[in-house]
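Secondary and tertiary structure notes
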Amino acid sequence: MTNIDEKLQPILAEVIRRNAGEPEFHQAVLEVMESLGHVVAKHPDFLELALIERICEPERQIIFRIPWVDDSGQVQINRGFRVQFNSALGPYKGGLRFHPSVNLGIVKFLGFEQVFKNALTGLPIGGGKGGSDFDPKGKSDGEIMRFCQSMMTELHRHLGEQTDVPAGDIGVGGREIGYMFGQYKRLNNRYEAGVLTGKAIAYGGSRARTEATGFGNTYFTKAMLETRDTDFDGKRVVVSGSGNVAIHTIEKVQSFGGKVIACSDSSGYVVDEAGIDLELLQEIKTRRRERISEYARRRGSDVDFVKADSGSVWDVPCDVAMPSATQNELSGKNARTLVKNGVIAVGEGANMPCTPEAIRVLREAGVLFGPGKAANAGGVATSALEMQQNASRDRWTFEQTETRLAQIMKSIHDRCAETADEYGAPGDYVLGANIAGFVRVAESMRMLGVI
Ligand code: GLU
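Since the model is a prediction, treat every value here as computed from it, not as a measurement.

The rules behind each value
- Residues numbered from 1 in each chain as written.
- Predicted model: local features only at pLDDT ≥ 70, side-chain atom pairs only at ≥ 80, totals over all residues.
- Heavy atoms only, no water.
- Helix = DSSP H or I, 4+ residues; strand = E, 2+ residues; numbered from the N terminus.
- Rg over C-alpha atoms; globule rule 2.2 N^0.38 Å.
- Buried < 20%, exposed > 50% of the residue type's maximum accessible area, 1.4 Å probe, protein only.
- Contact = heavy atoms within 4.5 Å.
- Near = heavy atom within 4 Å.
- Polar contact = N/O pair within 3.5 Å; in protein donor to acceptor, adjacent residues only side chain to side chain.
- Areas by Shrake-Rupley, 256 points an atom, 1.4 Å probe, with all protein chains shown as cover.
- Arc of directions from axis to C-beta.
- Pairing = 2+ DSSP bridges.
- Axes fitted to C-alpha atoms, helices over the stretch in contact; angles between N-to-C directions.
- Patch = residues over 30% accessible without salt bridge, like charges linked within 9 Å, V, L, I, M, F, W, Y side chains within 5 Å.
- Salt bridge = Lys/Arg side-chain N within 4 Å of Asp/Glu carboxyl O.
- Disulfide = S-S within 2.5 Å.
- Parallel < 35°, antiparallel > 145°, perpendicular 65-115°, else oblique.
- Nonpolar A, V, L, I, M, F, W, Y, C, P; charged D, E, K, R; others polar.

Overview of the overall build of the chain
Secondary structure summary: the chain contains 18 helices and twelve strands in total. Relative to the compact-globule value of 22 Å for 451 residues, the chain shows a C-alpha radius of gyration of 21 Å, a close match. Expressed as lengths along the three principal axes of its C-alpha atoms, the size of the chain is roughly 65 × 55 × 45 Å. Out of the 451 residues belonging to the chain, those deemed buried represent 57%. Long-range contacts, defined as pairs at least 24 residues apart, comprise 71% of the intrachain contacts of the chain with a sequence gap of at least 6.

Written as structure tokens, this is what we have:
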């Protein structure tokens with residue numbers, strides 16, 4: 001707790017005591033608290049009104065049983081979660097994650113990050129998160145549908161376009177959103193397009209929503225590079241993961257002239273010095289849902305596949321690293337390797353992919369570091385644009401939507417940079433993002449009274 005202002009230490013101790021056994025949630029809270037010392041010095045009423053304690057306590061936490069029947073006729077049980085964290089700025093907004101690692105602590109860390117991320121977008125959205133420990137790997141389409149329907153059979157009563165608006169996250173893409181939207185519509189007997197985002201374009205989705213998180217991180221990282229009078233052109237870039245975020249990061253980096261030479265999945269990573277073949281990667285990962293080793297097999301002897309237990313994608317020398325897989329995927333050791341290899345910027349496409357030690361190593365080495373709650377906010381920002389289109393029964397072109405996304409990312413970047421300057425830490429995007437996000441939420445909560 002050494003980096004925490006002493007007035008905040010008892011608050012953190014209480015969060016840890018009250019949320020025992022939730023290390024990822026503690027990590028997310030600790031990281032924000034490290035930035036708040038100067039804020040409470042400037043706004044003593046935030047302490048008097050217990051605003052930090054209130055922000056750390058979710059408004060509502062829902063845990064429920066999800067029974068479903070698999071293809072062999074066997075009844076399966078999973079656990080569902082929705083944590084409605086903070087609605088000071090708008091309806092709860094945040095994705096659903098389907099992954100065996102999902103538990104309450106994971107959902108709370110994601111929900112907590114989401115509150116500040118959504119505040120940074122400047123749009124009227126509160127923060128929430130949910131999901132299940134369901135493992136979509138190897139499940140048939142019918143099993144996925146029955147699971148999604150069962151999940152929504154409970155979840156629907158807690159949602160609404162003015163109340164709580166989920167979207168996708170790991171394991172939840174367009175297919176799952178479609179099945180959940182269908183079940184919501186059936187149970188409520190109303191076409192409430194804005195209750196979920198990440199929908200297909202055919203029934204109320206927004207253009208550029210699928211691309212938005214990866215594109216947004218690329219815009220954010222480009223803005224960081226510009227502060228050092230450079231850009232992506234000719235840079236060697238490593239993007240971890242190979243899901244939706246990673247794929248559209250690769251696409252945008254390539255369009256800016258960067259060369260993405262490696263990407264990964266949980267089984268290992270591939271190094272393609274000719275530059276990742278995006279078409280092939282999408283064919284394997286998005287359409288066929290195969291392992292990344294298949295990419296190396298199809299590309300032949302020019303491409304190396306390294307198994308996850310024999311090395312890390314962060315061992316590949318690069319100028320820019322864009323972790324886009326999952327939490328705590330980039331350790332202190334990985335960060336030291338990146339620094340040794342001359343990395344100049346790291347933009348977090350995933351939520352909390354760098355460990356606290358990794359962040360410390362990168363910041364001490366003067367590496368440009370874009371924290372996820374700022375750098376990956378493009379996904380949820382475009383979800384808010386999807387809600388706008390649904391509310392006005394309108395649809396925008398891809399160009400219109402991407403232009404808005406690019407403006408939002410630039411303004412998030414500038415807001416973080418200006419806040420860091422104002423608090424005497426130029427170039428510190430972690431401090432800038434935490435303070436700018438926190439102050440917007442805390443000031444709104446103060447105006448709304450003790451609720
Ligand atoms: N799951 C995404 C995130 O972490 C998107 C959430 C949303 O669009 O609501 O921000």
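Concerning the environment of Ala433
Mapped onto the fold, Ala433 is located in helix H18 (residues 429-448). Residue class for Ala433 comes out buried when judged on its relative accessible area of 0%. Residues Ala433 and Cys416, 17 residues apart in the sequence, show an inter-C-alpha distance of 5.0 Å.

Considering the site of the ligand
Neighbouring residues of the ligand: 14 residues in total, closest Lys93, Lys117, Gly168, Asp169 and Ser383. One nitrogen or oxygen atom from the main chain of Gly168 is found 2.9 Å from a nitrogen atom belonging to the ligand. Relative to its unbound accessible area of 300 Å², the ligand is 94% covered by the protein chains.

Considerations on helix H14 (residues 356-364)
In an α-helix there are 3.6 residues to a turn, and that puts residues three or four apart on one side. Burial in H14 covers these residues: Ala358, Ile359, Val361 and Leu362. All buried residues of H14 lie within an arc of 165° about the axis, which places them on one face of the element. Those residues of H14 that are buried lie in contact with helix H2 (23-33), helix H13 (332-340), strand E11 (345-347), strand E12 (368-370) and H18. After H14 finishes, the residue Gly366 shows a positive phi value of roughly 75°.

So, the sheet that holds E12
Ordered by their spatial adjacency, seven strands build an open sheet running E9-E8-E7-E6-E10-E11-E12, and the pairing between neighbours is mixed. Edge positions in the sheet fall to strand E9 (304-307) and E12, since each of these pairs with one other strand and no more. On average, each strand axis in the sheet is tilted by 15° relative to the strand beside it, whichever way the strands run. Where E11 lies against E12, three bridges are found, and the strand directions are parallel. Bridge pairing links Gly347 to Gly370 in E12.

As for the side chain of Glu22
Tracing the backbone shows Glu22 in the loop between helix H1 (9-18) and H2. Overall, the relative accessible area of 10% leaves Glu22 in the buried class. Look past the residues within four positions of Glu22 in its chain and what remains in contact with it is Leu104, Gly105 and Lys108.

Re the side chain of Ser150
Secondary-structure assignment places Ser150 in helix H7 (residues 141-155). Looking at Ser150, the relative accessible area reads 14%, which means it is buried. A distance of 2.6 Å separates a polar side-chain atom of Ser150 from the backbone oxygen of Pro67. Apart from the residues lying within four places of it in its own chain, the contact partners of Ser150 are Ile66 and Pro67.

Considerations on a nonpolar patch on the surface
Together, Val69, Val75 and Ile77 give the surface a local cluster of nonpolar side chains, amounting to about 260 Å² of exposed area. For Val75, the location among the structural elements is in strand E2 (residues 75-86). For Val75, a relative accessible area of 53% translates into the label exposed.

Looking at the sheet that holds strand E4 (residues 127-132)
As summarised here, the arrangement of the five strands in space is E1-E2-E4-E3-E5, forming an open sheet in which the pairing is mixed. The outermost strands of the open sheet, each flanked by one partner alone, are strand E1 (60-69) and strand E5 (164-167). Neighbour-to-neighbour, the strand axes of the sheet open up by a mean angle of 20°, direction not taken into account. Relative to E4, E2 runs antiparallel, the two sharing six bridges. Bridging across to E4, Gly80 finds its partner in Ser132.

Comments concerning the state of the cysteines
The full count for this structure, using the stated rule, is zero disulfides. Here Cys416 is not cross-linked by a disulfide; its sulfur's nearest cysteine counterpart is in Cys354, at 16 Å. Judged by relative accessible area, Cys416 falls into the buried class, the value being 0%.

Points about the environment of Lys185
Locating Lys185 in the fold gives a position in helix H8 (residues 174-188). On a C-alpha basis, the gap between Lys185 and Arg446 in space is 36 Å, while along the polypeptide they are 261 residues apart. Excluding residues that lie within four positions of it along the chain, Lys185 makes contacts with Arg190 and Tyr191.

Thoughts on the packing of H1 against H2
At a minimum axis distance of 10 Å, the contact between H1 and H2 shows a crossing angle of 170°. The angle between H1 and H2 falls in the class roughly antiparallel. Contact residues: Ile11, Leu12, Val15 and Ile16 in H1; Phe25, His26, Val29, Leu30 and Met33 in H2. Class assignment of the residues belonging to the contact of H1 with H2 gives a composition of eight nonpolar, one polar and no charged.

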